[in-house]
Amino acid sequence: MSHESHFDLIIIGTGAGGGTLAYHLAPSGKRILILERGDYVAREKDNWNPKVVNVDAKYNTKELWRDVDGKELHPHTNYCVGGNTKFYGAALFRLRQKDFGEIRHHGGISPAWPIDYDELEPYYTQAENLYQVHGNRGEDPTEPLAGKSYPWPAVSHEERIQHLADDFRAGGLNPFHTPLGVMLDEKNPRLSPCIRCNTCDGFPCLVHAKSDAQVLCVDPALQYPNVTLLTNALVKRLNTDGSGHQVREVIVERNGALEAYSADIVVVSCGAINSAALLLRSANDKHPNGLANSSDMVGRHYMGHTNSVLMAISKCPNPTIFQKTLSVNDFYFGSKDFEYPMGHISFVGKLDAITLRAGAPAIAPGFTLELMAKHSLDFWLTSEDLPDPNNRVTINRDGAIVLTYTPNNLKAHEQLKAHLQNAMRQNTCSIHGHECHQGLFARSLYVGQRIPLAGVAHQNGTIRFGRDPKTSALDVNCKAHDVDNLYVVDGSFFPSSAAVNPALTIMANALRVGDHLLQRLHVPIAEYAGNETKSTVPQPVAG
Ligand SMILES: Cc1cc2nc3c(=O)[nH]c(=O)nc-3n(C[C@H](O)[C@H](O)[C@H](O)COP(=O)(O)OP(=O)(O)OC[C@H]3O[C@@H](n4cnc5c(N)ncnc54)[C@H](O)[C@@H]3O)c2cc1C
Ligand code: SF4
């Protein structure tokens, strides 16, 4: 292989895992090739058009997967520079300290991680700084201990959400400000990159003010001459040497032709489903069940959270523009009347009538869809799903992804809904009293799709890390047990899914694995520190 096609390190995928790792390793001086199957998301007015984004699904992949019965499945995922962080809601949570240990759920056991919270804590702090998280420490009763305060103050509530927070608090709950990665500077609105709009969660940010992996990681990494990005570069398979212990070739389809690249170290970060699929497709005679799969763990234990969007309809309108500012974790580990963990309550972006029409909820009596959209508080509920070896990613004869998933731990989610219903009933309003709340209405998340199969936003768990090569595919540094130069840094490594959004944990872990790789590549820390980027994005203003 020529010098041009050999690198020190190849990173496959530019999302929360791959993008963050590229940023961290860029100052090392090592020759790094980043391979991304998608392109840059075009900056255009359509970025903020609810019909184009939510109904026409312009930016979703058109790829088709299959369910276990062979039926076509259109996954709600995005292939682009920055990966799914281009579209995410940027709620950036740490897992709870207890999430790293074994937890008994109503539906079974959530297993312990091979590292504890303290090991990831400094990297959570780094990730919060890198992704400019806005939050207030000390408000969330389940929040783990943190070494530093958030780099930015929390995004403030608008009036209706503040009213709800006050009501929840009066009812004995501890609502808190959701930690968010949006570059909003409320003290200097004139200079603030973020304009606090109503098209954030699920939309790309037209003004590049969302803390996504393209804007904050990939673009700054590309300022280094030692870093190269190839877009529209679909990695088809990884070939090993004769011993099977080294990845020797990365086979890429680009411009309709196949190309081969090689590197001393290869990092896979295609998202939990595509990374498992890539390893399975890379089977060879030394790895007959898929690359790095002597444990038979690759593709298994797929998790994606049990999620619901619940619209709480009130007689009072909800004119909120940016709704994702409030969360409730009082039921995360259980309550007096249900001793098992239930999960996390927060918000989606404010729903509008166009988006609602696409996932039509039951209509509240006396309301139209337009009226419902004007009066709804749009909650996002997340409960932990448990790792089941039969929930898995496989490949069919044509090489297409097959996703098999039976939801579990559903009682926890029912209980979470019931607790929210109860909390809403207790709310009072100075105009309508207790009658203000009209009920909770589920919004179908994915029209015409089998739920929850198509909803793969929180995918994780398919290449779990652990200390035992019989029960895990990756070691604690996220290196494949079976292959000496292969790492995985996307959401695949999770042994359990917890019940908060996954991205910050993926980012923090990529930074942790990045430090391990710097050592492995013998990068002198002093040299590395001297080379580190000055951030190209606005930093907190003192005071
Ligand atoms: C609408 C939406 C809202 C969300 N909101 C939140 C939120 O508020 N908070 C939160 O924490 N999380 C949220 N998430 C989830 C979050 O975006 C993901 O957890 C995170 O992006 C996963 O990171 P990753 O690195 O595992 O994969 P991804 O970010 O998906 O990146 C994988 C990358 O690999 C590329 N790729 C795939 N296969 C190949 C291949 N064969 N060759 C080359 N490249 C390949 C893809 O194109 C992609 O760029 C949301 C997701 C969505 C879709
Ligand atoms: S301007 Fe702010 S609120 Fe609007 S999409 Fe961008 S980051 Fe989100």
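Residues numbered from 1 in each chain as written. Chains lettered and ligands numbered in written order. Predicted model: local features only at pLDDT ≥ 70, side-chain atom pairs only at ≥ 80, totals over all residues. Heavy atoms only, no water.

Engineer: Is there a simple way to explain the overall build of the protein in this structure?
Structural biologist: Helix and strand counts for the protein stand at 11 helices and 19 strands. In terms of principal-axis extent, the alpha carbons of the protein reach across some 75 × 55 × 45 Å. Scored against the burial criterion, the 543 residues of the protein give a buried share of 60%. If you take every contact in the protein between residues at least 6 apart in sequence, the share linking residues at least 24 apart comes to 73%. Roughly 21100 Å² of accessible area belongs to the protein as shown, and the carbon and sulfur atoms make up 52% of that amount. (Helix = DSSP H or I, 4+ residues; strand = E, 2+ residues; numbered from the N terminus. Buried < 20%, exposed > 50% of the residue type's maximum accessible area, 1.4 Å probe, protein only. Contact = heavy atoms within 4.5 Å. Areas by Shrake-Rupley, 256 points an atom, 1.4 Å probe, with all protein chains shown as cover.)

Engineer: Sorry, what's going on with the site of ligand 1 here?
Structural biologist: As a structural note, the neighbourhood of ligand 1 is formed by 37 residues, with Gly17, Glu36, Asn84, Ala91 and Ala503 the closest of them. Within the backbone of Gly83, one N or O atom sits 3.5 Å away from an oxygen atom of ligand 1. Asn501 places a side-chain nitrogen or oxygen 3.3 Å from a nitrogen atom of ligand 1. When isolated, ligand 1 has an accessible area of 1000 Å², and the protein chains bury 94% of it. Broken down by secondary-structure element, the contributors of at least two residues to the shell around ligand 1 are α1 (16–25), β9 (234–240) and α10 (503–520). Taken together, the residues of the shell around ligand 1 break down into 17 nonpolar, 15 polar and five charged. (Near = heavy atom within 4 Å. Polar contact = N/O pair within 3.5 Å; in protein donor to acceptor, adjacent residues only side chain to side chain. Nonpolar A, V, L, I, M, F, W, Y, C, P; charged D, E, K, R; others polar.)

Engineer: How should the environment of Leu216 be read in this particular structure?
Structural biologist: Tracing the backbone shows Leu216 in helix α5 (residues 213–221). Judged by its relative accessible area of 3%, Leu216 falls in the buried class. Distance from Leu216 to Gly82, taken between C-alpha atoms, is 9.2 Å for residues 134 residues apart in sequence.

Engineer: I'm lost on α1 in this one. Help?
Structural biologist: Along an α-helix, residues three or four positions apart point the same way, because every turn accommodates 3.6 residues. Within α1, 10 of the 10 residues are buried, which leaves the element mostly enclosed by the surrounding structure. All buried positions along α1 are accounted for by Ala16, Gly17, Gly18, Gly19, Thr20, Leu21, Ala22, Tyr23, His24 and Leu25.

Engineer: Before we go on, may I ask you to explain the sheet that holds strand β16 (residues 392–395) in this structure?
Structural biologist: The strands making up a sheet are joined through hydrogen bonds of the backbone, oriented either antiparallel or parallel. The four strands lie next to each other as β4-β3-β17-β16, forming an open sheet whose pairing is mixed. Sheet topology places β4 (72–73) and β16 at the edges, where each strand pairs with a single neighbour. Where strand β3 (residues 65–67) lies against β4, two bridges are found, and the strand directions are antiparallel. Along β4, the bridge assignment pairs Trp65 with Leu73. The sheet strands contacting helix α6 (residues 272–281) are β3, β16 and β17 (401–404), and the helix crosses β16 at an angle near 40°. (Pairing = 2+ DSSP bridges. Axes fitted to C-alpha atoms, helices over the stretch in contact; angles between N-to-C directions.)

Engineer: Sorry, what's going on with the pairing of strand β1 (residues 6–12) here?
Structural biologist: Walk down a regular strand and you will see the side chains alternate between the two sheet faces. Across the seven residues that make up β1, a large majority, five, are buried. Bridging between β1 and strand β2 (residues 32–35) involves four bridges; their strand directions are parallel. When the sheet's bridge partners are listed, Ile12 is paired in β2 with Leu35. After leaving β1, the chain enters α1 and then returns to the sheet as β2, a path that is right-handed. (Right-handed = clockwise from strand over helix to strand, strands pointing away.)

Engineer: Would you mind showing me how to read the packing of α1 against α5 here?
Structural biologist: For any two helices packed against each other, one specifies the inter-axial angle together with the distance between the axes. Where α1 meets α5, the closest approach of the two axes is 8 Å, and the angle between their N-to-C directions is 40°. Taken together, the axis directions place α1 and α5 in an arrangement best described as oblique. Crossing of α1 over α5 shows left-handed handedness. Listed contacts from α5 to Ala16, Gly19, Thr20, Ala22 and Tyr23 of α1 are Ala213, Leu216, Cys217, Val218, Pro220 and Ala221. Partitioned by chemical class, the residues of the contact of α1 with α5 number nine nonpolar, two polar and no charged. (Parallel < 35°, antiparallel > 145°, perpendicular 65-115°, else oblique. Left-handed = near helix turned anticlockwise from the far one by under 90°.)

Engineer: What is the right way to read the site of ligand 2 from this model?
Structural biologist: Around ligand 2, the structure places 13 residues, and the nearest of them are Cys194, Ile195, Cys197, Cys200 and Cys205. In the shell around ligand 2, the residues fall into 10 nonpolar, one polar and two charged.

Engineer: What exactly am I supposed to notice about unusual backbone geometry here?
Structural biologist: Positive phi outside glycine occurs at Ala292, with the angle close to 65°. Not every positive phi belongs to a glycine, and His305 is a case in point at roughly 75°. Here His305 is to be found in the loop between α6 and β12 (306–314).

Engineer: What am I meant to see in the packing of aromatic side chains here?
Structural biologist: Given two aromatic rings, their pairing is described by the distance between the two centres and the angle made by the two planes. Within this structure, the stated rule accounts for 14 aromatic pairs. Where Tyr332 meets Phe333, the ring centres are 4.9 Å apart and the plane angle is 75°; that geometry is what we call edge-to-face. By relative accessible area, Phe333 is classed as partly exposed at 24%. Following the ring pairs from residue to residue traces out a cluster consisting of Phe100, Trp113, Tyr117, Tyr124, Phe465, Phe493 and Phe494. (Phe/Tyr/Trp six-rings, centres within 6.5 Å; stacked < 30°, edge-to-face > 60°.)

Engineer: I'm lost on the side chain of Ser492 in this one. Help?
Structural biologist: Assignment of secondary structure puts Ser492 in the loop between β19 (486–488) and α10. In this structure, Ser492 is in contact with Gly271, Ala272, Ser275, Gly461, Thr462, Ile463 and Arg464, ignoring residues within four places of it in sequence.

Engineer: What's the story with the environment of Leu9 in this structure? I'm lost.
Structural biologist: Here Leu9 is to be found in strand β1. Expressed as a C-alpha distance, the spacing of Leu9 and Asp264, which sit 255 residues apart in the sequence, is 5.9 Å. Apart from the residues lying within four places of it in its own chain, the contact partners of Leu9 are Leu25, Arg31, Ile32, Leu33, Ala263, Ile265, Val267, Leu517 and Leu521.

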